[in-house]
Amino acid sequence: MKHSGVRATTLEAVDQAVQFNEPIPPDHDFFTKFSDLRGGFEEKLIYKNLNVSTKGGQFTFNPKINSNNKSLLFLGGMRGTGKTSELARYAQNLNRPECFFVVTCNIDEELDMNDVEYMDILIFQLEKLTARLKEEGVEVDKGIIGKMEKWFQERTREVVKSFDIETGIEAGIKMDKTGLLSNLLGIFGNWKIGVKGSRELSNTIRTTLKNRFPAFAAIFNQYLLEVNYSIRKKSLAQEICFIIDGLEKTMSTETRRKIIIEESNRLQQIDAYTIFTLPIELMKKRQLLYQFSNVEAFPFVKLLNRDNNTIVPAWERYLNFIHRRIDAELFEDKEVALKAIYYSGGSPRELLRILELAAFFSDEEKGKIEHSAMDKALQRLANQTAQYLTAPMLEKLQQIKVCNEENTPLPPYDEVIQEMLEKILLMEYNDGNYKRANPILELSKLYQQSVGSVEYIKGRI
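Remember, it's a predicted structure, so these values are computed and weren't measured experimentally. The residue numbering used here restarts from 1 in each chain and proceeds along that chain's sequence as written. In keeping with the model being predicted, local features are shown solely for residues with a pLDDT of at least 70 and side-chain atom pairs are shown and tallied solely at 80 or more, while totals for entire chains, interfaces and linings include all residues. No hydrogens and no water enter the side-chain calculation; it runs on all heavy atoms of the structure.

**Student:** Even after reading the chapter, I still don't get the overall build of the protein chain, so can you show me in this structure?
**Tutor:** Of regular secondary structure, the protein chain possesses 21 helices and seven strands. Against the 2.2 N^0.38 benchmark of 23 Å for 461 residues, the protein chain shows a C-alpha radius of gyration of 24 Å, consistent with a compact globule. The principal-axis extents of the C-alpha atoms in the protein chain amount to approximately 70 × 45 × 45 Å. Here a residue-residue contact requires only that any non-hydrogen atoms of the pair lie within 4.5 Å. Relative to all contacts within the protein chain whose residues are 6 or more apart in sequence, the contacts with residues 24 or more apart total 73%. Computed with a 1.4 Å probe, the accessible areas rest on the Shrake-Rupley method; for each residue, only the protein chains presented here act as cover. Element-wise, carbon and sulfur atoms account for 46% of the exposed surface of the protein chain, whose accessible area totals about 20400 Å². Charge centroids of the protein chain, computed over 62 positive and 65 negative side chains, lie 4 Å from each other. Strands are runs of DSSP state E lasting at least two residues, helices are runs of H or I lasting at least four, and both sets are numbered from the N terminus onward. As a reference, a globule follows 2.2 Å times the number of residues to the power 0.38, and the radius of gyration itself is taken over C-alpha atoms. The charged-residue count follows a simple rule in which Lys and Arg add positive charge and Asp and Glu add negative charge, with His and chain termini not counted at all. The location of each charge is read from NZ of Lys, CZ of Arg, CG of Asp or CD of Glu.

**Student:** Would you mind showing me how to read helix H15 (residues 312-325) here?
**Tutor:** Side chains of residues three or four places apart in an α-helix project in the same direction, reflecting 3.6 residues per turn. End to end, H15 covers 21 Å across 14 residues, agreeing with the expected 20 Å (1.5 Å per residue, within 8%). Classification of residues uses two cut-offs on accessible area relative to the type maximum, computed with a 1.4 Å probe and protein chains only: under 20% is buried, over 50% is exposed, and between them is partly exposed. Among all positions of H15, only Ala314, Trp315, Tyr318, Leu319, Phe321, Ile322 and Arg325 are buried. The arc enclosing the buried residues of H15, seen along the axis, measures out at 155°, which places them on a common side. The secondary structure elements touched by the buried residues of H15 are helix H1 (14-17), helix H16 (334-344) and helix H17 (348-361). Helix span, as expected, comes to 1.5 Å for every residue beyond the first. Directions pointing from the helix axis toward each C-beta atom define the arc.

**Student:** I keep staring at the environment of Asn93 and nothing clicks. Help me out?
**Tutor:** Mapping Asn93 onto the fold places it in helix H4 (residues 83-94). For Asn93, the contacting residues outside a window of four places in its chain are Glu43, Tyr47 and Phe59. In protein, a polar contact means a hydrogen-donor-capable atom and an acceptor-capable atom, both N or O and within 3.5 Å, with residues adjacent in sequence counting only if both atoms are side-chain atoms; elsewhere, any N or O pair within 3.5 Å suffices. A polar side-chain atom of Asn93 sits 2.9 Å from a polar atom in the side chain of Tyr47.

**Student:** I would appreciate a short explanation of the nonpolar core in the present structure.
**Tutor:** Think of a nonpolar core as a cluster: buried Ala, Val, Leu, Ile, Met, Phe, Trp, Tyr and Cys residues, connected wherever their side-chain atoms sit within 4.5 Å. With 87 residues, the main nonpolar core has Phe74, Leu129, Leu133, Phe216, Tyr223, Ile260 and Phe276 as its most contacted residues. Once residues lying within four places of it in the same chain are set aside, the contact partners of Leu133 are Phe101, Val138, Val140, Leu181, Tyr223, Val227 and Ile231. By size, the runner-up hydrophobic cluster in this structure holds 46 residues, among which are Val14, Val301, Leu357 and Leu443.

**Student:** Explain the packing of H16 against helix H18 (residues 371-386) here, please?
**Tutor:** If you want to describe how two helices pack, look at the angle between their axes and the distance between the axes. Comment: axis = line fitted to C-alpha atoms, over the contacting stretch for helices; angle = value between 0 and 180 degrees taken between N-to-C directions. The N-to-C vectors of H16 and H18 enclose an angle of 15°; their axes lie 9 Å apart at closest approach. In terms of axis orientation, H16 runs roughly parallel to H18. Like other packed secondary-structure pairs, H16 and H18 cross with a definite hand, here right-handed. For the pair H16 and H18, contact is made by Glu335, Val336, Lys339, Ala340 and Tyr343 and by His371, Met374, Asp375 and Leu378, respectively. By the definition adopted for this analysis, an angle is roughly parallel if under 35 degrees, roughly antiparallel if over 145, roughly perpendicular if from 65 to 115, and oblique otherwise. Each crossing gets its handedness from the near helix: less than a right angle anticlockwise from the far helix is left-handed, clockwise is right-handed.

**Student:** Any chance you could explain the packing of aromatic side chains here in plain terms?
**Tutor:** Given two aromatic rings, one states the distance between the centres and the angle between the planes to describe the pair. A pair of aromatic rings is counted whenever rings of Phe, Tyr or Trp (Trp by its six-membered ring) have centres within 6.5 Å, and the orientation is called stacked for planes under 30 degrees apart, edge-to-face for over 60 and tilted otherwise. Counted by the stated rule, this structure contains 24 aromatic pairs. Considering the side-chain rings of Tyr47 and Tyr90, the 5.9 Å spacing of their centres and the 80° angle between planes classify their relative orientation as edge-to-face. Taken as a pair, Tyr47 in helix H2 (residues 44-49) and Tyr90 in helix H4 lie far apart in primary sequence, 43 residues in all. Neither residue differs from the other here; Tyr47 and Tyr90 are each classed as buried. For the pair Phe213 and Phe216, a centre-to-centre distance of 5.8 Å together with 80° between the ring planes defines the contact as edge-to-face. Separated by three residues within a single helix, Phe213 and Phe216 lie in helix H11 (residues 213-233), roughly one turn from each other. Note on accessibility: Phe213 and Phe216 belong to one class, buried. In textbook terms, an aromatic cluster arises when at least three aromatic residues are bridged by ring pairs, as seen for Trp151, Phe152, Phe188, Trp191, Phe213, Phe216 and Phe220. Remark: a charge is flagged as sitting over a ring if the NZ atom of Lys or the CZ atom of Arg is within 6 Å of the ring centre and within 35 degrees of the ring normal. When the ring centre of Trp151 is taken as origin, the NZ or CZ atom of Arg155, which lies over that ring, is 4.7 Å away.

**Student:** What should I look at first to understand the pairing of strand S6 (residues 426-429) in this one?
**Tutor:** Both faces of the sheet carry side chains from a regular strand, because those side chains alternate between them. Because side chains alternate across S6, one face comprises the buried residues Leu426 and Glu428, and the other comprises Met427 and Tyr429, equally buried. Here four bridges tie S6 to strand S7 (residues 434-437), and the two strands are oriented antiparallel to one another. Residue pairing across strands places Glu428 opposite Lys435, the latter belonging to S7. Only strands joined by at least two bridges in the DSSP assignment are considered to pair.

**Student:** Looking at this model, I keep getting lost on the confidence of the model for the protein chain. Mind explaining?
**Tutor:** Detailed conclusions should not be drawn from predicted coordinates in areas where pLDDT is low. A residue's pLDDT is the predictor's confidence in that residue, given on a scale from 0 to 100. Counting all residues, the mean pLDDT for the protein chain is 90, and 95% of those residues have values of 70 or more. Every residue in residues 166-173 is under pLDDT 50, and counting partners more than four places away or in other chains gives 13 contacts.

**Student:** I would appreciate a short explanation of the sheet that holds strand S5 (residues 294-297) in the present structure.
**Tutor:** Strand pairing in a sheet is mediated by backbone hydrogen bonds. Such pairs are either parallel or antiparallel. If you walk across this open sheet you meet the five strands as S2-S3-S4-S1-S5, and the pairing is parallel. Strand pairing shows two members of the sheet lacking a second neighbour, strand S2 (100-106) and S5, which therefore form its edges. Ignoring strand direction, the axes of neighbouring strands in this sheet form an average angle of 20°. Relative to S5, strand S1 (residues 72-76) is paired through four bridges, and the arrangement is parallel. Bridge assignment links Leu73 to a residue of S5, and that residue is Asn294.

**Student:** Just to check I follow, could you spell out the pattern of salt bridges for this structure?
**Tutor:** Charged atoms that come close allow side chains of opposite charge to pair. We count a salt bridge whenever a side-chain nitrogen from Lys or Arg sits within 4 Å of a carboxyl oxygen from Asp or Glu. Summed over the entire model, instances satisfying the criterion amount to 35 salt bridges. Arg256 is paired through a salt bridge with Glu281; the nearest N and O atoms lie 2.6 Å apart. A residue pair is termed long-range when its members are at least 10 positions apart, and Arg256 in helix H12 (residues 253-262) and Glu281 in the loop between strand S4 (273-278) and helix H14 (286-289) qualify at 25 residues. Taking the relative accessible area as the measure of exposure, Arg256 reaches 9% and is therefore buried. Here Glu370 makes a salt bridge to Lys366, at a shortest N to O gap of 3.6 Å. Its relative accessible area of 52% is what places Lys366 among the exposed residues. Ionic contacts of the salt-bridge type, sharing partners, join the residues Asp115, Glu117, Asp120, Arg199, Arg206, Lys210, Glu263 and Arg266 into one network.

Here it is in structure tokens:
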């Protein structure tokens with residue numbers, strides 16, 4: 001999905017320019033690269049995990065030595081870090097003849113986030129891959145296409161047999177007879193429609209695949225092998241790589257846990273290079289995931305060191321981030337923008353949220369975002385955020401503040417820290433060894449009374 005916003009030159013246009021629910025592709029005017037400002041996280045970790053060489057600034061993958069060494073990479077971190085936009089840039093870098101045939105699957109855009117399972121994602125992967133092959137004019141071995149058709153036709157008969165078929169249900173699982181990739185695309189599309197149908201139908205489809213999963217995985221992998229051969233022959237790429245994003249937007253933590261943890265055995269049976277975004281609450285399962293995958297933490301951008309000294313390049317980059325979206329003349333002065341940056345804590349999403357609310361409170365007659373509007377927006381967000389604080393959280397925040405001031409190790413991980421990370425009451429940097437309270441929280445009376453006031457220093461850069 002391409003972001004629809006354009007740079008705001010009037011106060012009325014700010015709301016559209018700061019929309020944060022649409023990812024920014026790397027070729028958009030709004031895109032700002034932050035990958036070199038994430039502390040201990042380095043972009044090359046992504047490429048290294050995929051066995052991609054970056055010598056001389058070129059992205060290359062050698063199938064002769066790596067095709068039997070497929071890797072599954074989980075990219076985890078808090079919501080609002082900018083993972084989706086960075087993933088789009090990784091995809092652009094990797095998608096080339098010398099490297100990967102990248103297939104991005106944004107599950108939040110096309111699957112039911114209220115009811116999604118791993119089987120749905122696999123069908124979606126097949127559909128997106130086949131659609132891309134058709135678009136590129138790739139000819140895939142007819143034998144494997146015939147096998148796929150036959151296998152899914154047999155599974156369809158099993159599903160149909162379970163119902164007193166009505167027209168609507170049958171339409172969701174019937175076969176398309178147009179041939180070759182178009183036929184496969186029709187099959188996968190109809191199965192995707194099926195899992196979005198009635199609860200009974202979707203459960204039957206999923207159960208059918210689960211009961212025959214070894215056979216499903218085998219034919220899935222055989223299809224990938226033939227596709228890899230075809231894309232090399234056409235000089236499009238060396239190997240398929242899937243990017244699966246949007247899992248954190250599912251409506252329940254239980255859904256996410258089932259897909260990643262309960263289905264981990266099935267995840268391992270799919271033989272393809274894959275980047276899978278990992279919701280923050282599942283980062284605690286890293287030791288389990290390390291047994292069959294790689295896990296990297298994707299942190300916020302560091303604005304301050306533990307000693308509260310400013311990291312100037314990060315602030316300058318965020319000013320650029322703001323002014324790509326909002327003309328500098330729309331701010332009363334530079335300090336208004338700097339204040340928004342400080343209280344964002346290094347989160348692109350939090351920064352956009354602050355700017356959106358500050359523009360809402362601004363005087364339309366004056367046509368600028370003033371200090372008074374920014375302060376009003378920040379205080380409102382602080383009060384809303386502080387509502388979720390509990391006594392154990394406040395105690396933990398006190399401990400973390402002292403540890404940062406004294407440069408001593410943070411308190412051991414526990415469920416209180418996990419809950420604060422999930423609610424973005426606590427923000428994580430580097431590889432997770434540096435945490436501090438969400439700066440917006442520091443403005444609340446509850447935080448100031450229980451933890452201590454934090455002085456905002458003007459003129460950071």
